[in-house]
Amino acid sequence: MLEKIIQLGTNYLIRHRVVEEEDRDIYEYGFHMLYNNLITIAAVCVIAIWLNMVPEVIVYHIVFICLRNSAGGYHSKTYLRCFFMSTCILLLSLIGISHINSPILNIVFACLSVLLIWYKAPVEHENSPLSTEKRKKLKRISRVLSLLFLVVLLLFNFAPVTYRWVATSLAFGMVSHAILFGAALLEAKFYKKTA
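Everything quoted here is computed from the prediction, not taken from an experiment. (Residues numbered from 1 in each chain as written. Predicted model: local features only at pLDDT ≥ 70, side-chain atom pairs only at ≥ 80, totals over all residues. Heavy atoms only, no water.)

Regarding the nonpolar core
(1) Moving on: Core analysis: the largest hydrophobic core is formed by 36 residues, its most contacted members being Leu67, Leu94, Phe149, Leu170 and Met174.
(2) Moving on: For this core, the secondary structure elements donating two or more residues are helix H2 (24-50), helix H3 (54-71), helix H4 (79-99), helix H5 (103-120), helix H6 (132-157) and helix H7 (164-194).
(3) Moving on: Broken down by element, this core gets its largest block of residues, 10 residues, from H7.
(4) Moving on: In this view, leucine 67 contacts Gly72, Ser113, Ile117, Ser142, Leu145, Ser146, Phe149, Met174 and His177; residues no more than four positions away in its chain are not counted. (Core = buried A, V, L, I, M, F, W, Y, C linked by side-chain atoms within 4.5 Å. Buried < 20%, exposed > 50% of the residue type's maximum accessible area, 1.4 Å probe, protein only. Helix = DSSP H or I, 4+ residues; strand = E, 2+ residues; numbered from the N terminus. Contact = heavy atoms within 4.5 Å.)

Written as structure tokens, this is what we have:
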């Protein structure tokens, strides 16, 4: 069904000369990515509303996505595996955010994430090699972002208890990224040994 919709959409663009026939694969891939992203966003919204944790999910995802885009992280082999892994990590993080109110743990999570990013970012994926210039740029961006998130976390960590959820959401966003970042580092190391 999805394949048919994607083919119809691509055929429509080709028929109306918006794109060329030789670019069909690129546009079909783009439609797949759009569909996958919409499903993921819908699932995140449903979870956030269902658990009544919309602000926490927003803060968590801002941190997670910013660090993920600049420092890199683990990539699943299939979309379905990625979807389920991301959903499980989000659910576990939201359980942690709602049940753990520890300023010290927030700081430990954030500091571990900053140290990992500072010394190892960005992690390179086998399908997307980085030029030296791009690597330096991403390293700089990921370091600045991780330090910025740490400072914001510290500010909210020592704010009144009613605002501590912000620090905890930041901490779990950072530690979730750190876990997937570490997995990507291990995968890259294993990949180099077997190559």
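Quick word on the packing of aromatic side chains
(1) Moving on: With the rule as written, the count across this model stands at 4 aromatic pairs.
(2) Moving on: Seen from their ring centres, phenylalanine 83 and phenylalanine 84 are 5.5 Å apart, and the 75° between their planes marks the pair as edge-to-face.
(3) Moving on: Assessed through its relative accessible area of 17%, phenylalanine 83 is described here as buried.
(4) Moving on: Residues phenylalanine 109 and phenylalanine 172 carry aromatic rings whose centres are separated by 5.4 Å and whose planes lie at 80° to one another, so their mutual orientation is edge-to-face. (Phe/Tyr/Trp six-rings, centres within 6.5 Å; stacked < 30°, edge-to-face > 60°.)

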